[in-house]
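Structural features, examined
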Amino acid sequence: MLVYEKNYDVIVVGGGHAGCEAALASARMGCQTLLLTINLDAIALMSCNPAIGGLAKGHLVKEIDALGGEMGKNIDATGIQFRILNTKKGPAVRASRAQADKQQYRLRMKLVLEQQDRLDLKQGEVTALHVEEGTVLGVATKNGIGYRGNTVILTTGTFMRGLIHIGLTNYPGGRAGDLPSIGLSEHLAQLGFAVGRLKTGTPARLDGRSIDFSRLEPQYGDDPPIPFSFSTVAIEQPQVPCHIAYTNERSHAIIRAGLDRSPLYSGVIEGVGPRYCPSIEDKVVRFPDKERHQTFIEPEGRDTVEVYPSGLSTSLPIDVQIAFYRSIAGLEQVEIMRPAYAIEYDYVDPIQLHASLETKLVRNLYHAGQINGTSGYEEAAAQGLMAGINAALRTKDREPLVFGRSEAYIGVMIDDLVTLGTKEPYRMFTSRAEYRLLLREDNADIRLREKGYEAGLLPETEYRQFLTKLTRIQDELARVQREKVLPSALDPWLVEQYDLAGLQNALTLEQLLRRPDFTYADLARIDRQAEEVPAVVSEQVEIQIKYRGYIERQVEQVERSKKLESARIPQDLDYQELAGLTAEVREKLQKFRPDTLGQASRIAGMTPAAITVLSIALKMRAAR
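Keep in mind that this is a model prediction, so the values were computed, not measured. (Residues numbered from 1 in each chain as written. Predicted model: local features only at pLDDT ≥ 70, side-chain atom pairs only at ≥ 80, totals over all residues. Heavy atoms only, no water.)

**A short note on the overall build of the protein chain**
Rules: For the purposes of this entry, the term helix denotes a DSSP run of H or I that reaches at least four residues, the term strand denotes a run of E that reaches at least two, and both are numbered from the N terminus. When a residue's accessible area, from a 1.4 Å probe over protein chains only, is under 20% of the maximum for its type it is buried; when over 50% it is exposed; and in between it is partly exposed. Note on contacts: a residue pair qualifies if any of its non-hydrogen atoms lie within 4.5 Å across the two residues. Residue exposure ignores everything except the shown protein chains as possible cover, and the areas themselves are Shrake-Rupley values with a 1.4 Å probe. The charge count includes Lys and Arg as positive and Asp and Glu as negative, but it does not include His or the ends of the chains. In plain terms, the charge of a residue is placed at NZ if it is Lys, CZ if Arg, CG if Asp and CD if Glu.
Within the protein chain, the regular secondary structure consists of 21 helices and 22 strands. By its C-alpha atoms, the protein chain is 85 × 75 × 50 Å across when sized along the principal axes. By the burial criterion, 56% of the 624 residues in the protein chain qualify as buried. The long-range share in the protein chain, meaning contacts at least 24 apart out of those at least 6 apart in sequence, stands at 74%. Of the roughly 26700 Å² of accessible surface on the protein chain, a fraction of 50% belongs to carbon and sulfur atoms. Charge-centre separation for the protein chain: the mean point of 75 positive side chains lies 2 Å from the mean point of 81 negative side chains.

Right, dumping it as structure tokens:
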């Protein structure tokens, strides 16, 4: 085997959303980085939905951006429809989502990677790792070239032993049109990793020219569109609508009639599918009383007729697919350009990872994305970013960057994975975050910008802009606490609308903003300075004032849990020697090998008594 002449600090395997963020992070932090992928033309390709963000996923994108990642900037530059979801609900669960121009998204990200200093891109399939004495030293490729690296990040997506299913026909593939990765998962199993099997799927791609959009309900984006990135001033490109359609009883009858040829229901597919993104046949079987299911017909870009019917993924045979899609009103003459399919692939149980995403079995080896059992571009990108940061920090002999559950959705996701593992594709939800009022989209930069800068990932110009924003927020908070108005001096309509009649004492502007129905827009009508406050500043001021009591309560909860989260458990701790633990608890601790008492407390079946025993054992060990 030819060993390539360069010695890299970081080698990233895979060019999906995790791989892109990992490679950019390590290169931007000053590391010589190599990204290896099976197909350089498929970098950052959106294999499924051509969209970024959504509930909780938008939070992850904002956090990626706050730390200095690229996903937010990329969708801002290539998005074709932007919307804020849950606008009628509280700020904790509001979320950003954008349709992407699929090809432009891919091309721009590839260009960013190509122009990044200290980053090499090479096409090649990694089949094995070079491991000596428990430490990874590089990778071997199918074409006979070995690459040396101080650290390696595996971001293999759905490619490891990927198997595509359309009806009872199946064939190897990492996704439709791409070859799978063969050999790597077998090699990982030989190294001692627990390799499992998962399944996901995608809808057909339809020819928009064959759809009667006049019979569908249009859905427009926000005007003006709100960017994802804290660095984007405004979205300049024109926006396009999506359309809403519905299945019907005839659609469901067609699906039920074809279930005998469904790989999902005939036992052909072994992998576990995503609970929260089921196929249409799954929906029809699981919810037989539901008369219709909604789909969003989403354009794949401005310069293509292909559209994506969101929520209608399936692995049914092609003849059933044609009949099913054509049963939908407005789609009676629809032509399928690419058939829907399901895909099975290998993943590695994430309980074999530290919270830094470094594997417990092999030093300097990191896993990120769907190899860890997650689903979604955003979940993958967030893991890739953290793996890239921590691999770079390892090469600099610095401590890893690990977020707690109270600091970031990224911290919640990674803690869920490494503490509990997963037996099905993991998806992020706001309900997974116990401190979600602290972890809002709007304050992601306030929470994480400093961390990205300290790690060496955030550019100086963006950091200075952030500091200016922070100063303006603090100044405005002080001003509204200081400035007062007399109710008698207000317009009569304001006095009546906000029930201020009879109040004799002056009110601070903060007291007015504390009222649930009083907004900054209302304040601007009585206070000229408020008119000049930028929206990103006024939003923070209003949220911090209105939700102060709730926020302070969550901060107190975080403080109470800090002792558990910071108490580290040595990896060589022998649980068999600890008296007072049940056999079941010992077995769980031995299997999961938690890094902290906090992680141990979240293992299913762990008792308060067991945590007390562990805590005492750690104190006794520290006192020796």
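**Side note on the packing of aromatic side chains**
Just so we agree on the cut-off: Stacked, tilted and edge-to-face are the three classes applied to pairs of Phe, Tyr and Trp rings, where Trp contributes its six-membered ring and a pair requires centres within 6.5 Å; stacked means planes under 30 degrees apart, edge-to-face means over 60, and tilted covers the rest. Only Lys NZ and Arg CZ are tested; either one counts as a charge over a ring when it is within 6 Å of the ring centre and within 35 degrees of the ring normal.
Summed over the entire model, instances satisfying the criterion amount to 5 aromatic pairs. Between Phe 324 and Tyr 325 the ring centres are 4.9 Å apart and the planes differ by 45 degrees, which places this aromatic pair in the tilted class. Of the residues examined, Phe 324 reaches a relative accessible area of 1% and is grouped as buried. A residue is classified by how much of its surface remains accessible, and Tyr 325, at 0% relative accessible area, is buried. For the ring pair Tyr 453 and Tyr 463, a centre distance of 3.7 Å and an interplane angle of 5 degrees mean the geometry is stacked. With Tyr 453 in helix 11 (residues 444–455) and Tyr 463 in helix 12 (residues 460–482), the pair connects residues that are 10 residues apart, well separated along the chain. Of the aromatic side chains, those joined through ring pairs into one cluster are Tyr 453, Tyr 463 and Phe 466. Directly above the ring of Phe 230 sits Lys 62, whose terminal nitrogen or CZ lies 5.2 Å from the centroid.

**Re the environment of Leu 45**
Topologically, Leu 45 is positioned in the loop between strand 2 (33–37) and strand 3 (51–53). Sequence spacing of Leu 45 and Tyr 105 is 60 residues, and the spatial spacing of their C-alpha atoms is 7.8 Å. Discounting residues that sit within four places of it in the chain, Leu 45 has contacts with His 17, Lys 102, Arg 106 and Arg 175.

**Comments concerning the domain arrangement of the protein chain**
Heads up, the rule is: Segmentation into domains, and thus their bounds, comes from an automatic or database assignment.
Each domain of the protein chain was delimited in the assignment, giving domain 1 (2–199 + 345–455), domain 2 (205–344), domain 3 (460–550) and domain 4 (567–623). Inter-centroid distance (C-alpha atoms) of domain 2 to domain 3 is 44 Å.

**Thoughts on the side chain of Glu 476**
The following threshold applies: Under this definition, polar contacts are N or O atom pairs within 3.5 Å; protein pairs additionally need one hydrogen-donor-capable and one acceptor-capable atom, and for neighbouring residues in sequence, both atoms have to be side-chain atoms.
Mapped onto the secondary structure, Glu 476 falls in helix 12. Overall, Glu 476 belongs to the buried group, its relative accessible area being 7%. Among the polar contacts listed, one links the side chain of Glu 476 to the side chain of Arg 479, at a separation of 3.0 Å. Residues within four places of Glu 476 in sequence aside, it is in contact with Tyr 520, Val 533, Val 537 and Val 541.

**Quick notes on the pairing of strand 1 (residues 2–13)**
Two faces belong to every sheet, and in a regular strand the side chains alternate between them. For the record, the criterion: Note on pairing: two strands pair once DSSP finds at least 2 bridges between them.
Bridging between strand 1 and strand 9 (residues 145–154) involves 8 bridges; their strand directions are parallel. Each bridged residue has a counterpart across the sheet, and for Ile 11 the counterpart in strand 9 is Val 152.

**Describing helix 19 (residues 583–592)**
As a reminder, the rule being used: Working note: the arc is built from the helix axis to C-beta atom directions.
Within helix 19, burial applies to Val 585, Arg 586, Leu 589 and Phe 592. End-on, the buried residues of helix 19 take up no more than an arc of 145 degrees, which puts them together on one face. With respect to the buried face of helix 19, the exposed residues turned more than 90 degrees away are Ala 583, Glu 587 and Lys 591. Contact partners of the buried residues in helix 19: helix 10 (409–420), helix 20 (597–601) and helix 21 (608–623).

**A short note on the pairing of strand 2**
Taking burial as the measure, the 5 residues of strand 2 include 5 buried ones, the bulk of the element. Both faces of strand 2 are covered, namely the face carrying Thr 33, Leu 35 and Thr 37 and the face carrying Leu 34 and Leu 36. Relative to strand 2, strand 1 is paired through 4 bridges, and the arrangement is parallel. Bridge pairing links Val 13 to Leu 36 in strand 2. In this sheet, strand 6 (residues 119–123) lies alongside strand 2 in parallel orientation, the contact comprising 5 bridges. Looking across to strand 6, one finds that Leu 34 is bridged to Asp 120.

**Observations concerning the sheet that holds strand 19 (residues 341–348)**
Operational definition: Orientation is described by lines fitted to C-alpha atoms, with helices fitted over the stretch in contact, and by angles between N-to-C directions that extend from 0 to 180 degrees.
Pairing is antiparallel in the open sheet, where 4 strands are placed in the order 11-10-19-12. Of all the strands in the sheet, just strand 11 (169–172) and strand 12 (195–202) have a single pairing partner and so form its edges. Neighbouring strand axes in the sheet, compared pairwise and without regard to direction, differ in orientation by 25 degrees on average.

**Looking at empty space enclosed by the protein**
Rule in force here: The way it works is a 1 Å grid over only the protein atoms, where trapped points that fit a 1.4 Å probe form a cavity and open points with protein on both sides within 12 Å along at least five of seven lines form a pocket, and then any residue with an atom within 4 Å of a point lines it. Grid points are joined across faces, edges and corners, and a volume is the space filled by probe spheres set on the points. Classification convention: Asp, Glu, Lys, Arg as charged; Ala, Val, Leu, Ile, Met, Phe, Trp, Tyr, Cys, Pro as nonpolar; all other residues, Gly among them, as polar.
In the structure shown here, the tally under the stated rule is 2 cavities of 30 Å³ or more. In terms of lining, the largest cavity is formed by Ser 356, Tyr 366, Asn 390, Leu 393, Arg 394, Arg 398 and Pro 400. Residues of the lining of the largest cavity, tallied by class, amount to 3 nonpolar, 2 polar and 2 charged. The volume enclosed by the second largest cavity comes to roughly 30 Å³.

**Focus on unusual backbone geometry**
Most peptide bonds take the trans configuration, and most residues that are not glycine carry a negative phi. With an omega of 5 degrees, the peptide bond between Asp 223 and Pro 224 qualifies as cis. Its location among the elements puts Pro 224 in the loop between strand 14 (217–219) and strand 15 (242–246). A positive phi angle is found at Arg 118, which is not glycine, with a value near 65 degrees. With respect to the helices and strands, the residue Arg 118 is situated in the loop between helix 4 (102–115) and strand 6.

**Overview of the environment of Pro 608**
With respect to the helices and strands, Pro 608 occurs in helix 21. In this structure, the C-alpha to C-alpha distance between Pro 608 and Lys 484, residues 124 residues apart in sequence, is 51 Å.

**Re the sheet that holds strand 18 (residues 336–338)**
The antiparallel open sheet is built from 6 strands, whose spatial order is 14-15-16-17-13-18. Each end of this open sheet is capped by a strand with a single partner; those strands are strand 14 and strand 18. Put simply, the sheet's adjacent strands are angled 35 degrees from each other on average, direction ignored. Across 2 bridges, strand 13 (residues 205–207) lies against strand 17 (residues 306–310) in antiparallel orientation. Following the sheet pairing, Leu 206 is matched in strand 17 by Val 307.

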